[in-house]
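Chains, contacts and geometry: an overview
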Amino acid sequence: MTETLDHLFDRNVNWAHRKAAEDPTFFRRLAEQQAPDYLWIGCSDSRITANDVLGLDPGEVFVHRNIANIVHTSDMNILAVLEFAIEVLRVRHIIVTGHYGCGGVRRAMVEERGALVDHWLQPLSMYYRKHRAAFGAMAGDVQRFDRLCEINVEMQVRRVAATPLVENAWARGAALHLHGWIYGLHDGLLRDVGPHVSSVADRDALPTVDSCAHEATEPASAVRRHAAEAFSASAPDGTDAPCCGPSPPGFGPGTPQR
Ligand code: CO
């Protein structure tokens, strides 16, 4: 017997009615055009949906998702998405968003090989193997896992920045900014991992992604950043704390509020 998933259609009707009640022109406006400022490249994980975590409505963010938000420059899917986002939608920001606790990243750290997903994750698993000593020197398994989740974001931003599609956009003077973020499943907050790249010069000035394995970072959520800024402002010699720089008291590495 066919399962028709009627409960999902019912939920859809409720949602559409609710949106139309809140804003009678909502669907008419969206049907006429989409004009998002952002392209989100994220993980397929069912717990992170771009619109929800950004608090944006349909029409406001163009989305590509795959396992572990990997950017393969031979992936027709992501290249077509990038081309459409840049050339047609003219997005101003491309945001690669990874997440802590990513099963894809975890898979890249294990010895077991041979599944299709291992081919997909190959750039990350090769990175982990190459820098095994640096990861081994980290405090524990949680730190290793978290750091590889962060480095994966940094790696994929560099890969987006290296595509001819993005280079062409910069060459014609388009304002196109690349960002690397990471999301905490445990608190629902986004953190800026970097790098920020807005030009070929920015990209070429970046340290290699290999160096990331040797640098301790501590990406801060906006909640923490605001707290740090308030602390800096109240300190007599207060200076702005960069998001990955020295932490103010109470926010040191290993503290759970990350
Ligand atoms: Co994931």
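Conventions used here
- Residues numbered from 1 in each chain as written.
- Predicted model: local features only at pLDDT ≥ 70, side-chain atom pairs only at ≥ 80, totals over all residues.
- Heavy atoms only, no water.
- 1 Å grid on protein atoms, 1.4 Å probe; cavity = no way out; pocket = protein on both sides within 12 Å on 5 of 7 lines; lining within 4 Å.
- Points joined across faces, edges and corners; volume = space filled by probe spheres on them.
- Nonpolar A, V, L, I, M, F, W, Y, C, P; charged D, E, K, R; others polar.
- Pairing = 2+ DSSP bridges.
- Helix = DSSP H or I, 4+ residues; strand = E, 2+ residues; numbered from the N terminus.
- Axes fitted to C-alpha atoms, helices over the stretch in contact; angles between N-to-C directions.
- Contact = heavy atoms within 4.5 Å.
- Donors = N, O, S within 2.8 Å, 3.2 Å for Na, K, Ca; no water.
- Buried < 20%, exposed > 50% of the residue type's maximum accessible area, 1.4 Å probe, protein only.
- Domains from an automatic or database assignment.
- Buried area = accessible area lost by both parts, 1.4 Å probe.
- Salt bridge = Lys/Arg side-chain N within 4 Å of Asp/Glu carboxyl O.
- Polar contact = N/O pair within 3.5 Å; in protein donor to acceptor, adjacent residues only side chain to side chain.
- Core = buried A, V, L, I, M, F, W, Y, C linked by side-chain atoms within 4.5 Å.
- Parallel < 35°, antiparallel > 145°, perpendicular 65-115°, else oblique.
- Left-handed = near helix turned anticlockwise from the far one by under 90°.

Attention shifts here to the layout of surface pockets. When its volume is computed, the second largest pocket comes out at roughly 160 Å³. Here the residues of the lining of the second largest pocket sort into 6 nonpolar, 2 polar and 4 charged.

Pairing is mixed in the open sheet, where 5 strands are placed in the order E2-E1-E3-E4-E5. Strands with a single pairing partner mark the edges of an open sheet, and in this sheet they are strand E2 (61-66) and strand E5 (190-192). In this sheet, adjacent strand axes meet at a mean angle of 25 degrees when their direction is disregarded. Packing of helix H4 (residues 76-88) onto the sheet brings it into contact with strand E1 (38-43), E2 and strand E3 (93-99), and relative to E2 it is tilted by some 170 degrees.

Every protein donor of the cobalt ion is listed here as Cys43 (SG), His99 (NE2) and Cys102 (SG), and their distances to the metal cover 2.0 to 2.3 Å. Read in sequence order, the donor residues coordinating the cobalt ion give the pattern C-x55-H-x2-C. Taking the relative accessible area as the measure of exposure, Cys102 reaches 1% and is therefore buried.

This paragraph deals with the domain arrangement of the protein chain. Domains assigned within the protein chain are domain 1 (33-217) and domain 2 (219-252). In this complex, domain 1 contributes 9 residues to the contact, which on the side of domain 2 involves 7 residues. When domain 1 packs against domain 2, the two sides together hide about 570 Å² of surface, and 68% of this comes from carbon and sulfur. Taken as a group, Arg191, Asp192 and Thr217 account for 59% of the area that domain 1 buries against domain 2, more than any other trio of residues on that side. Seen at the junction of domain 1 and domain 2, the total is 0 salt bridges. Counting the contacts that link domain 1 with domain 2 gives 0 residue pairs in polar contact (both at pLDDT 80 or more). When residues of the side of domain 1 that touches domain 2 are assigned to their parent elements, the largest contribution, 3 residues, is made by E5. Residues of the side of domain 1 that touches domain 2, tallied by class, amount to 5 nonpolar, 1 polar and 3 charged.

Let's shift gears to the nonpolar core. In terms of nonpolar packing, the biggest core is built from 49 residues, with Leu39, Ile94, Tyr127, Val160, Leu176 and Leu178 touching the most fellow members. Tallying contributions element by element places helix H9 (residues 141-161) first for this core, with 9 residues. In contact with Val160, not counting residues within four places along its chain, are Ile41, Val71, Leu82, Ile94, Val96, Val166 and Leu178. Residues Trp40, Ala50, Val61 and Tyr183 belong to the second largest nonpolar core, which totals 5 residues.

Bringing the packing of helix H7 (residues 122-130) against H9 into the picture now. Where H7 contacts H9, the axes come no closer than 11 Å and their chain directions differ by 125 degrees. The orientation of H7 relative to H9 falls into the category oblique. Classified by chirality, the crossing of H9 by H7 is right-handed. Residue-level inspection shows Pro123, Leu124, Tyr127 and Tyr128 of H7 in contact with H9, the latter providing Arg144, Leu148, Ile151, Asn152, Met155 and Arg159. Per-class residue counts for the contact of H7 with H9 are 7 nonpolar, 1 polar and 2 charged.

As a further point, take the pattern of salt bridges. For the structure shown, the criterion picks out 17 salt bridges. Glu154 serves as the salt-bridge partner of Arg147, at 3.6 Å between the closest nitrogen and oxygen. In this pair, the class of Arg147 matches that of Glu154, namely buried. A salt bridge links Arg224 to Glu218; its shortest N-O distance comes to 3.0 Å. We note that Arg224, like Glu218, is buried.

Turning our eyes to something else, we now look at the side chain of Asp192. In this fold, Asp192 is placed in strand E5. A polar atom in the side chain of Asp192 sits 3.2 Å from the backbone nitrogen of Gly194. At 2.8 Å, the side chain of Asp192 and the side chain of His196 are in polar contact.

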